[in-house]
Amino acid sequence: MSLIWRRHRTWVVPTLFIAPSIILFGVVIVASSLQSVWISFHDWDGFGPMQWIGLGNYEELLGDPQFYVSLKNNLIWLIIFMLAPPLGLAIALLVNQQIRGMRIVKSLFFVPLVLASVAVGIVFTWVYTPQFGLLALAFSAFGQKAPALLSDEHLVTFAIVIAAIWPQIAFCMVLYLAGINSLSEDLIGAGRVDGARGWNMLYHVVLPQLTQVTFIAIAITAIGALRSFDMISVMTQGGPFGSSQVLAYQMYEQSIFSYRFGYGAAIATILFIIMLVFILWYLSRIIRAEEWSN
Amino acid sequence: MSETPRIQGATRRTVIKSIGAGAATMAFGGLARPAFAQSRTITIIFNSNTEGQIEALRAAIADFEQATGAKAELNLMDHEANKTAIRNYLVAGAPDICFWFSGNRMKAFVDRGLFDDISDLVADEGYADALGGTLSAVTVKSKQYGLPLAGTLWGNYYLKDVFDKHNLTPPTNWDELMAYNEAAKSAGITPLAFGSRELWPAAGFFDELNLRINGLDSHMALMDGKMSYLDPALTAVFDHWEELIKAGFFLENHTSYNWQEAAALLGQGKAGMMNLGNFLKDGLPAEAIPNLVFVPFPKIVDIPRYEDFSVDSVHIPANSKNKELAREYLKAFYAPKNLSAFFAPTGQIPPRNDLPPNTDPLVNQAVESLKTVAGTAQYYDRDTDPDMAQAGLNGFQEFMAKPERRQDILARLEKTRTRIFGPLDA
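As the structure is a computational prediction, the values presented were derived from the model and not from experiment. (Residues numbered from 1 in each chain as written. Chains lettered and ligands numbered in written order. Predicted model: local features only at pLDDT ≥ 70, side-chain atom pairs only at ≥ 80, totals over all residues.)

### Considering the overall build of chain A
Here is step 1: Regarding its fold elements, chain A presents 14 helices and two strands.
Here is step 2: Relative to the globule expectation of 19 Å for 294 residues, the C-alpha radius of gyration of chain A, 24 Å, shows a markedly less compact shape.
Here is step 3: Across its three principal directions, the C-alpha atoms of chain A cover 85 × 70 × 35 Å.
Here is step 4: Of all 294 residues assigned to chain A, the portion counted as buried reaches 34%.
Here is step 5: Restricting to contacts in chain A with at least 6 residues of sequence separation, those with at least 24 account for 67%. (Helix = DSSP H or I, 4+ residues; strand = E, 2+ residues; numbered from the N terminus. Rg over C-alpha atoms; globule rule 2.2 N^0.38 Å. Buried ≥ 20, exposed ≤ 12 C-beta atoms within 10 Å, placed from the backbone. Contact = placed C-beta atoms within 7 Å.)

If you want it as structure tokens, here you go:
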């Protein structure tokens, strides 16, 4: 018995430990993703029999003006969200100074991360509300009339992204603060001896040591932008008339409200492909950069 | 009595439970039955957190437990969460009693065989006499699939003191409506408080115009997909609507407001009227409610008066495992004593005509008004197919913000209608 155990324990123990997460990942992520792709080839209302329609859902999607609105909005989200890592870094560098009272400032910057995103969305909705919102009151103090941001089909997505980027910046700040704490004192000291300070110090000594953190911050920010859904649901429900929808919200609306699970699954599949392409491209860059630095 | 004591936790727990039950049923292919199925306990899923209503349900549970010796478990779910979760739990892990909406929304589940036919209960208890015409809301092909609950009557609401202050009179026809519009604007208030962020209030306004201009039969033909959205009959509806939009009748930037925020403007006297159901009073401060008055939407064309009157309902899921006990519970719940306690906190119109007289003046106004109505629809998103409704709600909101896009919007709606209901016979 002990012989068998000794011979096999090198693989049995790791397998036992890894098995739960592999099974969970397989059932919850892989299997349901594959099932979504399968559903996307069908006309299905969520309870009745599924009817095979091949690429019908995809053909309809390509002719659906809402799809392009959603795609464009996803792009806006992605581009503006890319401001979060540099802003997070800037705030992290700022609050990392040894100044009295900095702990309070640090925790103030940290607050949005503690709030549920739904709460952030509701608060910003109140700020944007015409007539009695905070924005309207601020404008009226200067005798101006605030634009109704959530009613303007061209501005609404920007208004939501501003609300959503606030916690995202805080998140990047936390990542960078952790990174800054593990900076090598030796390298900074050596840099100082060589006369590096200010921008030079940041660019040539500090940033290269934060490369790993930056990769993670950018990857998580990009995924956060592409899967954005909760803020839109809370703040506008995709409106006015669908102009603030993104792919994730359109998928939800089609599946849950319109009972079109096949069509929703087709949107999900497209979103999945976009994320997959982005992440593969990004991972390949990380791996190349790591090989280069070794 | 073994209902869950905490309201907050119950919502999450119920959702998890129904998801878990669904997963279990899928995993075991329906072979493994949960042990509690054999016990004499029924489960009830209620879709509101209104305290007074929960107490009425508990009183009915007490009566039920005394009469049958069985137990009942009450699960509370958020109103909106129930709308999405119900499709899960009706198929997998059904409760024995659930709350839903009559009309087409009920029919969607009846067509899929998910609600139990309770015509026997209705016949045995003689509910038809107490319910009158309301019974049609839960009837499909002359069989009943649920019991009607509170009804919501749609129309215009105004505050008496605000109208007195600005010397305004409630409009009863189109000319008076346009005159009211000018009078309200020159008094410096918004003629109609309106919040379309949640889309559906725009569809309610469409219903009002279409029922006044084309009448109930034409409206229902459109709802059933038997009439084109490009039909010339609708031209007058959108012409009238556009006239109001251009005259500045609606609250500016209404797509930024939900109905509660719009109701706040009504309550503050910054708006004259609001077009909604009688739940509107929930959005007003307590001191404004005694001043709230209901007035039907103005007459436009000389046809009988039709109104949106949406009726909620209570059902036994077809997959319930205790259908007999569930019927016993419905009997206890539908007894006049418990039913009138159930409606007391909501200000909705009770379905039974043998309940004690109501003390809420707003309810009595609506009941009086309903007596002169020639026929009722439910509401746009309850009368038509859910897929069509979603497209329609978006389209009407867009029309209200950008009336110049009318032809594009209607063409898009017609495309959706064709996809769902098929082409019309020429």
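### Considering the overall build of chain B
Here is step 1: Scanning chain B from N- to C-terminus turns up 18 helices and 12 strands.
Here is step 2: A globule of 426 residues ought to have a C-alpha radius of gyration of about 22 Å, and chain B, at 23 Å, matches this closely.
Here is step 3: Across its three principal axes, chain B shows a C-alpha extent of roughly 70 × 55 × 40 Å.
Here is step 4: Each of the 426 residues in chain B was classed as buried or not, and the buried ones make up 47%.
Here is step 5: At a minimum sequence separation of 6, the contacts of chain B that also span at least 24 residues come to 79%.

### Regarding the interface of chain A and chain B
Here is step 1: Contacts between the two partners involve 21 residues from chain A and, on the opposite side, 19 residues from chain B.
Here is step 2: Ranked by the residues each element gives to the side of chain A that touches chain B, the list is headed by helix 13 (residues 247-257) of chain A, at three residues.
Here is step 3: Each residue belonging to the side of chain A that touches chain B can be placed in one class, and the counts come to 10 nonpolar, nine polar and two charged. (Nonpolar A, V, L, I, M, F, W, Y, C, P; charged D, E, K, R; others polar.)

### Details of the nonpolar core
Here is step 1: Grouped together as the largest cluster of nonpolar side chains are 114 residues, with contacts concentrated most on B:Ala193, B:Ala262, B:Met274 and B:Tyr329.
Here is step 2: Counting residues per element, this core draws most heavily on helix 17 (residues 386-401) of chain B, at eight residues.
Here is step 3: For B:Ala193, the residues in contact, after removing those within four places along its chain, are B:Leu251, B:Ala262, B:Ala263, B:Leu265, B:Leu266, B:Ala271 and B:Met274.
Here is step 4: Counting 53 residues, the second largest nonpolar core, distinct from the first, contains A:Leu89, A:Ile91, A:Ala159 and A:Phe261. (Core = buried A, V, L, I, M, F, W, Y, C linked by C-beta atoms within 7 Å.)

### Quick notes on the pairing of strand 7 (residues 155-159) of chain B
Residue and element names in this part refer to chain B.
Here is step 1: By the criterion of burial, strand 7 is predominantly enclosed, with five of the five residues buried.
Here is step 2: Here strand 7 pairs with strand 9 (residues 271-276) via four bridges, running antiparallel. By the bridge assignment, Tyr158 is partnered in strand 9 with Met273.
Here is step 3: As paired strands, strand 7 and strand 10 (residues 292-295) are joined by four bridges and run antiparallel to one another. Considered in strand 10, the bridge of Leu159 is made with Leu292. (Pairing = 2+ DSSP bridges.)

### Focus on the sheet that holds strand 10 of chain B
All names here are of chain B.
Here is step 1: Taking strand neighbours across the sheet as the criterion, the four strands line up as 8-9-7-10 in an open arrangement whose pairing is mixed. The two strands at the open ends of the sheet, each matched to only one other strand, are strand 8 (190-193) and strand 10. Each neighbouring strand pair of the sheet contributes to a mean axis angle of 30°, computed without reference to strand direction.
Here is step 2: Helix 12 (residues 259-267) contacts strand 7, strand 8 and strand 9 of the sheet and is inclined by roughly 145° relative to strand 9. (Axes fitted to C-alpha atoms, helices over the stretch in contact; angles between N-to-C directions.)

### What to know about helix 9 (residues 185-193) of chain A
Since there are 3.6 residues in each turn of an α-helix, residues three or four apart along the chain are aligned in direction.
Here is step 1: Along helix 9 of chain A, only zero of the nine residues are buried, which leaves the element largely exposed.
Here is step 2: Immediately downstream of helix 9 of chain A, the backbone of A:Gly195 shows phi near 90°, a positive value.

### Observations concerning the confidence of the model for chain A
Here is step 1: Of the residues in chain A, 99% have a pLDDT of 70 or more, and the chain-wide mean is 89.
Here is step 2: Here helix 10 (residues 198-209) of chain A stands out as the element of chain A with the lowest mean pLDDT, 84, in contrast to helix 3 (residues 65-81) of chain A, whose mean of 94 is the highest. (pLDDT = per-residue confidence, 0-100.)

### Some words on the confidence of the model for chain B
Atomic detail in the predicted coordinates should be set aside for any region of low pLDDT.
All names here are of chain B.
Here is step 1: Mean pLDDT over chain B works out to 85, with 91% of the residues at or above the 70 mark.
Here is step 2: No element of chain B has a lower mean pLDDT than helix 1 (residues 7-28), at 43, and none a higher one than helix 11 (residues 233-246), at 95.
Here is step 3: Segment residues 1-38: pLDDT under 50, and 43 contacts once partners within four positions in sequence are set aside and those in other chains are kept.

### Some remarks on the packing of helix 4 (residues 84-95) of chain A against helix 11 (residues 211-226) of chain A
Residue and element names in this part refer to chain A.
Here is step 1: Between helix 4 and helix 11, whose axes approach to 9 Å, the crossing angle comes to 135°. What the angle tells us is that helix 4 and helix 11 run oblique. Along this stretch, helix 4 crosses helix 11, giving a crossing that reads as right-handed. Of the residues in helix 11, those touching helix 4 at Ala84, Pro85 and Gly88 are Thr214, Ala217, Ile218 and Thr221.
Here is step 2: Across the contact of helix 4 with helix 11, the residue classes break down as four nonpolar, three polar and no charged. (Parallel < 35°, antiparallel > 145°, perpendicular 65-115°, else oblique. Left-handed = near helix turned anticlockwise from the far one by under 90°.)

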